Amino acid sequence: MSEHRYWPSLDGVRGVAIAAVIAFHLGYLGGGWFGVDIFFVLSGFLITSLLLSERAASGRVRLGAFWARRARRLLPALLLLLLVLGVYALAGGPGVVPSQLRSPALATLLYFANWQQIVAGHSYFAQYQAVNPLMHTWSLAIEEQYYLVWPLAFLGLLALGRRRSLRVLVVGTATLAAGSALWMGVAAHVFGPNRAYLGTDTRVWELLLGGLGAMALAHAGPVRRRASWSAASVLAVGGVALALVVGTGPPTWMWDGGLVAVAAATLVVVVGSVRHPEGPVARVLAIGPLRWLGRISYSLYLWHWPVIVLMTAQNTGVSGAPLLICRLAAMLSAACLSYVLVERPLRRADWQLWWRRALAPAAVVVVVGVVLAATVPPVEAATARVRVTPATRAVSSAPPITLPPGRVVTPADPLRAWILGDSVMDDSAPGVTAALQATGDVQVVANSAFGGWGLSTDKTWATDFPRIIDQYHPEIVIGTWSWDATLAQQDPQAYLVELVDALRTILTPGDGVDLVVLLQFPQTGPVPYVLDPVTQASLWATQNRRQIIWNDLASAAVAFFPGRALYLQTQQVFAPHDRFFAWASVPGGGWIRARKIDNTHMCPYGAAQLGSLVVNDLTPVLGLPAMAPGWELGSWVHDANFNDPVGACPADQPPPGYAGISVPGPAS
């Protein structure tokens, strides 16, 4: 087997793989993510074929030359992508949060993007970050790590086997592959799909499987049963095609042998098309368009995802078929330019000249410099020098709260408040606290809000509530949360009973709590990390319906405690005229960001809006004095919550003509 042997059908395999991945990311092929697995198997096959060929020809493998070829093949196009994204971020291009680009860019450059994403996935807020234009580079990191380690393992197994080197190589490779595949299944069920899908240790088995195919092919005799290879290849193509169609999800069966079956079918296609190049599968894979896609597949893979992320309907003003055509044209143009002007010339260049060898480190330094310069954390959004006075729905019909006899509220002895809820309430707490305390008659003494809190997630709330009350002696409890919305939808009556029981626990006679205030959960917006408009709208509508049910049950629950519990609406501020606004307009023109880039959590201005709403609605109930001027400009606007994750509240502006986004169905 010659090192320079070319199989046209394998370019076709690459073409099918990249087409599947792009279709999946555009929302048109539910199982298109299997295209990455096709790449893994094919890469393992080709790399091992090169190693076997070199050893057969010269009796050794020159590791330095091998790694240099890999660098010339992969690094130039990647540096170009990072340079363009860095310049784009530096210029303030829409769709990129500069501070959130730094870590992925550096991880991509150093080829450990998969591990960086695994670590980031452990964060509660990871799901709320801006879409990462380099998210797809996790697979490139796994392949590059394989390119670095596999030649060493390859030579080590050969040396270990001595006279029986091939047998030890095959057995060792098969053992490593089986162990990795089994570990993937275990990791998926123990640590979650994110860890299993992105880990090098849990995915390397696919590359090793391809390597086993190369070993089998290298020592195979003449092809005698061509019809059998044709039939096997056709059946394998059918299996892969079925996975591409039904693999939406991804489904749980992929961890329990499904992914192994797809990879095995891919290997049959690869080996079959090489063993029988005149067979029907090999001939179809070798047609011109698929081979062309295969040749530019690396550049196309690099560019397709940033194009999809940055060329959105919101950023371009184009949607539907025209947007699809623009995206395809842009990614194909970028890939062709990268291939023709960068990849192919540098791969064929004479690198014996010293100045050309110096290009690589110089290019890396330039790209790193641009990335670092472009990703300096932006100025954070704060509250504007405007009076925050939301046009709230009057609650004067609610009777004033009668405090215990002898209780006189003064600035020296203010009402004691406890803030309760999930991460949205926790983000809002600095603004709500500042607004309440600006009256001089309220002091926030406890904030137990945290990410993911709800009656359904906090199994010990029945003992937690009395403990907090006993420790901080609150007189007012203010809360809102969303994590019970699914439970509330599944069994509204049961959840209402539990919510009423929770309020009854807080309002236990003699514990000192005089008032519980439940807030309508602030209207959320579309999920930004879901790029397909149809899927995004469907997900938003589903979340909205669930939240409406929770809001209705919260309103019903307070009715069980007249004079001791209130429900305050918030849609007049956060969903005026049934439209969601991530930015709020300010007098004199311009906008200020009110919600984080996740369209859910609060920036300082949003927290100030909620705080002002709470005070305005509670003023007639508690007889509160006016808030002190300038409260919205206090140091609280620099609370660390507003910069978690980093860059979550940039001082940016909405697209031209911004008028909010229509909420699917009634506002929550």
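Everything here concerns the structure above.
Predicted model, so just to flag it, every value in this text is computed and none were measured.

K.L.:
For this particular structure, what's the right way to read the overall build of the protein?
P.N.:
Helices and strands together make up the secondary structure of the protein, namely 25 helices and 9 strands. Based on the C-alpha atoms only, the size of the protein along its principal axes is roughly 100 × 50 × 45 Å. Sorting the 668 residues of the protein into buried and exposed places 53% on the buried side. Put simply, of all contacts in the protein between residues at least 6 apart along the chain, 81% involve residues at least 24 apart. Entry remark: accessible area of the protein is about 28,600 Å², with carbon and sulfur atoms responsible for 63%. Averaging the positions of the 44 positive and the 37 negative side-chain charges in the protein gives two centres separated by 21 Å.

K.L.:
I keep staring at the sheet that holds strand E2 (residues 442-447) and nothing clicks. Help me out?
P.N.:
Paired through their backbone hydrogen bonds, the strands of a sheet run either parallel or antiparallel. Pairing is parallel across the open sheet formed by 5 strands, whose spatial order is E2-E1-E3-E4-E5. Bordering the open sheet on either side are E2 and strand E5 (565-568), each of which pairs with just one other strand. Each strand of the sheet is rotated relative to its neighbour by a mean of 25°, with strand direction disregarded. In this sheet, strand E4 (residues 515-519) lies alongside strand E3 (residues 476-480) in parallel orientation, the contact comprising 4 bridges.

K.L.:
Sorry if this is basic, but what is going on with the packing of aromatic side chains here?
P.N.:
Any pair of aromatic rings gets described here by the distance separating the centres and the angle formed by the planes. Applying the stated criterion to the full structure yields 23 aromatic pairs. A centroid spacing of 6.0 Å and a plane angle of 10° characterise the contact between Tyr 146 and Trp 150, whose relative ring orientation is stacked. One end of the pair is Tyr 146 and the other is Trp 150, both in helix H6 (residues 138-161) and 4 residues apart, which spans about a single turn. Tyr 146 sits in the buried class, given a relative accessible area of 3%. Between Trp 461 and Phe 465, the aromatic rings sit 5.5 Å apart at their centres with planes inclined by 45°, giving tilted as the arrangement. Here Trp 461 pairs with Phe 465, and both are found in helix H20 (residues 461-472), just 4 residues apart, close to one helical turn. Neither residue differs from the other here; Trp 461 and Phe 465 are each classed as buried. An aromatic cluster of three or more residues is present, and its members are Trp 33, Phe 34, Phe 40, Trp 138, Tyr 197, Trp 253 and Trp 255. Against the face of Tyr 147 rests Arg 70, its NZ or CZ located 5.6 Å from the ring centre. Directly above the ring of Tyr 197 sits Arg 203, whose terminal nitrogen or CZ lies 4.6 Å from the centroid.

K.L.:
Honestly, the state of the cysteines in this entry has me stumped. Any pointers?
P.N.:
One way to say it: the disulfide is the covalent bond shared by the sulfur atoms of two cysteines. On inspection of all chains with the given rule, the structure shows 1 disulfide. The disulfide bridge from Cys 603 ends at Cys 649, spanning 2.1 Å between sulfur atoms. On the S-S bond that ties Cys 603 to Cys 649, the torsion sits near -100°, and the link is left-handed. Of this pair, Cys 603 sits in the loop between strand E8 (591-593) and helix H25 (604-622) while Cys 649 sits in the loop between H25 and strand E9 (661-662), and the two are 46 residues apart along the sequence.

K.L.:
Please clarify how the nonpolar core should be interpreted in this entry.
P.N.:
Ranked by size, the top nonpolar core spans 107 residues in total, and within it Phe 45 and Trp 150 carry the most contacts. When residues of this core are assigned to their parent elements, the largest contribution, 12 residues, is made by helix H2 (residues 34-58). Excluding residues within four positions of it along the chain, Trp 150 makes contact with Ile 47, Thr 48, Leu 51, Leu 169, Thr 173, Leu 208 and Met 215. Listed in part, the 41 residues of the second largest apolar core include Ala 438, Ala 449, Leu 613 and Leu 622.

K.L.:
Can you help me understand the pattern of salt bridges in this one?
P.N.:
Where charged atoms of side chains with opposite charge meet at close range, the side chains can pair. For the structure on display, the rule yields 13 salt bridges. When the shortest N-O distance is used, the salt bridge between Asp 11 and Arg 14 registers 2.6 Å. Note that Asp 11 and Arg 14 are positioned in helix H1 (residues 8-25) at a spacing of 3 residues, about one turn of the helix. A relative accessible area of 5% places Asp 11 in the buried class. For Glu 278, the salt bridge goes to Arg 283, with nearest N and O atoms at 3.1 Å. For the pair formed by Glu 278 and Arg 283, the shared burial category is exposed. Here the salt bridges do not stand alone but share partners, grouping Asp 37, Arg 203 and Glu 206 into one network.

K.L.:
I would appreciate a short explanation of the pairing of E2 in the present structure.
P.N.:
Bridge count for strand E1 (residues 415-421) against E2 is 5 bridges, and the pairing is parallel. Counterpart to Arg 416 in the pairing with E2 is Gln 443. Between E1 and its parallel partner E2, the chain crosses via helix H19 (residues 423-437), and the hand of that crossover is right-handed.

K.L.:
Sorry if this is basic, but what is going on with the side chain of Thr 505 here?
P.N.:
As for its position among the elements, Thr 505 is in helix H22 (residues 492-506). Classification of Thr 505 by relative accessible area gives buried; the value is 18%. Of note is the side chain of Thr 505, whose polar atom sits 2.9 Å from the backbone oxygen of Asp 501. Ignoring sequence-local partners within four residues, the contact set of Thr 505 consists of Trp 461, Ala 462, Phe 465, Pro 466 and Asp 511.

K.L.:
Please clarify how the pairing of E4 should be interpreted in this entry.
P.N.:
In summary, the side chains of a regular strand alternate between the two faces of the sheet. By the criterion of burial, E4 is predominantly enclosed, with 5 of the 5 residues buried. As judged from the 4 bridges shared by E4 and E5, these two strands associate in the parallel manner. If you follow Val 516 over to E5, its bridge partner there is Ala 565. Between the parallel pair E4 and E5, the chain is carried across by helix H23 (residues 533-558), and the sense of this crossover is right-handed.

Cut-off values and rules
- Residues numbered from 1 in each chain as written.
- Predicted model: local features only at pLDDT ≥ 70, side-chain atom pairs only at ≥ 80, totals over all residues.
- Heavy atoms only, no water.
- Helix = DSSP H or I, 4+ residues; strand = E, 2+ residues; numbered from the N terminus.
- Buried < 20%, exposed > 50% of the residue type's maximum accessible area, 1.4 Å probe, protein only.
- Contact = heavy atoms within 4.5 Å.
- Areas by Shrake-Rupley, 256 points an atom, 1.4 Å probe, with all protein chains shown as cover.
- Lys, Arg positive; Asp, Glu negative; His and termini not counted.
- Charge placed at Lys NZ, Arg CZ, Asp CG, Glu CD.
- Pairing = 2+ DSSP bridges.
- Axes fitted to C-alpha atoms, helices over the stretch in contact; angles between N-to-C directions.
- Phe/Tyr/Trp six-rings, centres within 6.5 Å; stacked < 30°, edge-to-face > 60°.
- Lys NZ or Arg CZ within 6 Å of the ring centre and 35° of its normal.
- Disulfide = S-S within 2.5 Å.
- Core = buried A, V, L, I, M, F, W, Y, C linked by side-chain atoms within 4.5 Å.
- Salt bridge = Lys/Arg side-chain N within 4 Å of Asp/Glu carboxyl O.
- Right-handed = clockwise from strand over helix to strand, strands pointing away.
- Polar contact = N/O pair within 3.5 Å; in protein donor to acceptor, adjacent residues only side chain to side chain.

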